[in-house]
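# Survey of secondary and tertiary structure
This is what each chain is made of:
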Amino acid sequence: MSEIQIGLLILVVTLIVLFSGLPIAWGLVLVSVGFLLVFHGPASLQNVPLLMMDELASFALLTIPLFVLLGAAIGASAAGKDIYESLHRWLDRVPGGLVIANILACGVFSAICGSSPATAAAIGKAGVPEMIRRGVPPALATGSVCAGGTLGILIPPSITMILYGIVTETSIGRLFLAGVVPGALLVLLFAAYAWIATLRALKSVDEPPPVRYTLREKVEGLGRVAPFIGIVVAIAYAMYGGLATPSEVAAISAVLALLLVALIYRTWRAGDLWVIFGATVRESTMILMIIGAAAVFSYMMSLLYVTQSSAQWLVDLNLDKWALLISINAFLLLAGCFLPPVAIILMVMPILTPVLEAQGFDLIWFAVILTINMEIGLITPPVGLNLYVLKGVAPDVPLTTVLKGSIPFVLIMLAFMVILAIFPEIALWLPNQMMGG
Amino acid sequence: MSGFVRAMDRLSVSCAVVAAVMLALAAVIVTWSVIYRAMGASTFWEIEFSVFMMVASLFLASPYCLATNGHISVDLLAHYLPARGARILGVVVTVIGLAVCLYLTWRGGILTFEAYERGERTESTWAPYKWLLYVSMPVGLGLTALQYVAELMRPSSGASDERRADPSLSRAPVGGGRAATGGEQISGPQA
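Here goes a summary of the coordinates provided. (Residues numbered from 1 in each chain as written. Chains lettered and ligands numbered in written order. Predicted model: local features only at pLDDT ≥ 70, side-chain atom pairs only at ≥ 80, totals over all residues. Heavy atoms only, no water.)

What follows is about helix α17 (residues 363-378) of chain A. Under the 1.5 Å per step criterion, the end-to-end length of α17(A) is 22 Å for 16 residues, consistent within 8% with the ideal 22 Å. Counting buried positions along α17(A) gives 16 out of 16 residues, so the element sits mostly inside the fold. (Helix = DSSP H or I, 4+ residues; strand = E, 2+ residues; numbered from the N terminus. Expected span 1.5 Å × (residues − 1). Buried < 20%, exposed > 50% of the residue type's maximum accessible area, 1.4 Å probe, protein only.)

See the structure below:
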């Protein structure tokens, strides 16, 4: 069998195993051990546990559980509600202000949380029932939070970007910076759509009674949010001031967030802490176990020469730069509808990295394209994680309505990917400016 | 529910608590080392110690992760099977999961034992024994295998179905739900 044939066989077997419902981590180990045994003999199997250990025993990986802890600490508190509430007070005169406040709140929350479903849940819990109560069409209400949540993995800190950085050996600090401007622009585009959609909806429905806030109330609202903005500033300062490595920044901000949440929201009893820590170890274990298993998988792929041959095959196709980019993105979009971003990055990037480099694509820029692509997968069926989070937050809204509400946002994201492909500077300007070209 | 299932659930939660303490310890140690370094002192064991803690925490929390359906999976196939077929597939998948965990426990056990026999240390100034790092793998995954046995024994109606009804826990939507998806699910499997 040629390497490409083995590669195709691996693809088919992996898909069958992963779709069977076996946890992804075990599935990757099973496929790797099976192929090593058949195509390379039992001797190579000795390395399996050491491969997992060598991959996992890394200080860079410590960023992942610590940023998960940071997100869980803030997600378990009422901070999401406070952020949303205070933004809403400032936007009381804007048509669609309620929806825009939710989108902005998602953006702000993304800056302290590295996961999309967590962002959608934290903001959606308070925001969606409130929007529906005040007459925002359910599709717009759920769609905006569903899409707003995806900003979680684009705006730093981002668990997806950390993994991408580790796999492709690019600077995590640079990757984080590259997500800032595109993230902010997406927030603006989402908000602009919400404004237009509300203006259109207002023509057909009776205008809901406007709620006005005094300046005093507005300033009061800011007070509760200030500490969290403080964390964001502290993260940025420590990371880009060269004071600390990403892992150290993650540790400091997690400890800071736990202290703040304990002080402001009084979560220091064992039960409160368990809500935070139980969720943290559960999610961290899930992600890290997949990372360990994926190390075995990429060892197998590389030992059987499949990674190298597939990359070479892609290069030899001699596709036009744009044709290549479009096909890669179509493939990732399809994969993203079924598999979580973590698994896709770990399995696909070892093959794609040399191909992208050969074509002269910037790896930092591609990280942003990939992340937005993965975000779309999070809000499309059948396994769109954010859709199910929204289902939990607003059980009365049918899934089809949530989906319908998400479609305009998916279109905005697709259009934005095209813009980003034409103008890579949108992503690259800030990291080049701050860390040198 | 049999005593074994209940005992396993309780053991898994206890291990997760230990894992949580280890992770918290890692966060505090790293934070402290940054402050300590800023004061002009040099640090030598903190980074390695926190990595050891993270690895141990990850494997120790694995049985709890399984008990709460936290190990992300995609059960697309089950949706296209009739109820009976899906149930059989569920059992097959559980048995395969058990087999993978046992395999890794065995391999990890050999790795740990050899490192212990040879007295291997890491190549740092602090130079702790490597088996201290490795041992978390056979222990954590061995317990995960036991938790798999408990999942097989667990009555199919009752606790596990309740957990599956909760979208943040169910296998279908790639169960990556976390604290923010409600927080209720993390009070331990029997709560």
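A few words on the packing of helix α5 (residues 79-90) of chain A against helix α7 (residues 116-133) of chain A. Residues and elements named next belong to chain A. Look at α5 against α7: their axes get within 7 Å of each other, and the N-to-C directions meet at 50°. In terms of orientation, α5 lies oblique with respect to α7. The interaxial crossing formed by α5 with α7 has right-handed handedness. Two secondary-structure elements touch here, α5 through Gly-80, Lys-81 and Tyr-84 and α7 through Ala-122, Ile-123, Ala-126, Gly-127 and Glu-130. (Axes fitted to C-alpha atoms, helices over the stretch in contact; angles between N-to-C directions. Parallel < 35°, antiparallel > 145°, perpendicular 65-115°, else oblique. Left-handed = near helix turned anticlockwise from the far one by under 90°. Contact = heavy atoms within 4.5 Å.)

Right, let's get into the interface of chain B and chain A. In this assembly, 73 residues from chain B lie in contact with 65 residues from chain A. Of the roughly 5800 Å² buried at the junction of chain B and chain A (both faces included), carbon and sulfur atoms supply 78%. Summed over the shared surface of chain B and chain A, the result is one salt bridge. Between B:Arg37 and A:Glu248 there is a salt bridge whose closest N-O contact spans 2.9 Å. For the interface between chain B and chain A, the tally reads ten residue pairs in polar contact (both at pLDDT 80 or more). For the side of chain B that touches chain A, the secondary-structure elements that each account for two or more residues are α1 (3-38), α2 (46-60), α3 (62-67), α4 (76-79), α5 (83-118), α6 (131-134) and α7 (136-153) of chain B. In terms of residue class, the side of chain B that touches chain A is built from 46 nonpolar, 22 polar and five charged. (Buried area = accessible area lost by both parts, 1.4 Å probe. Salt bridge = Lys/Arg side-chain N within 4 Å of Asp/Glu carboxyl O. Polar contact = N/O pair within 3.5 Å; in protein donor to acceptor, adjacent residues only side chain to side chain. Nonpolar A, V, L, I, M, F, W, Y, C, P; charged D, E, K, R; others polar.)

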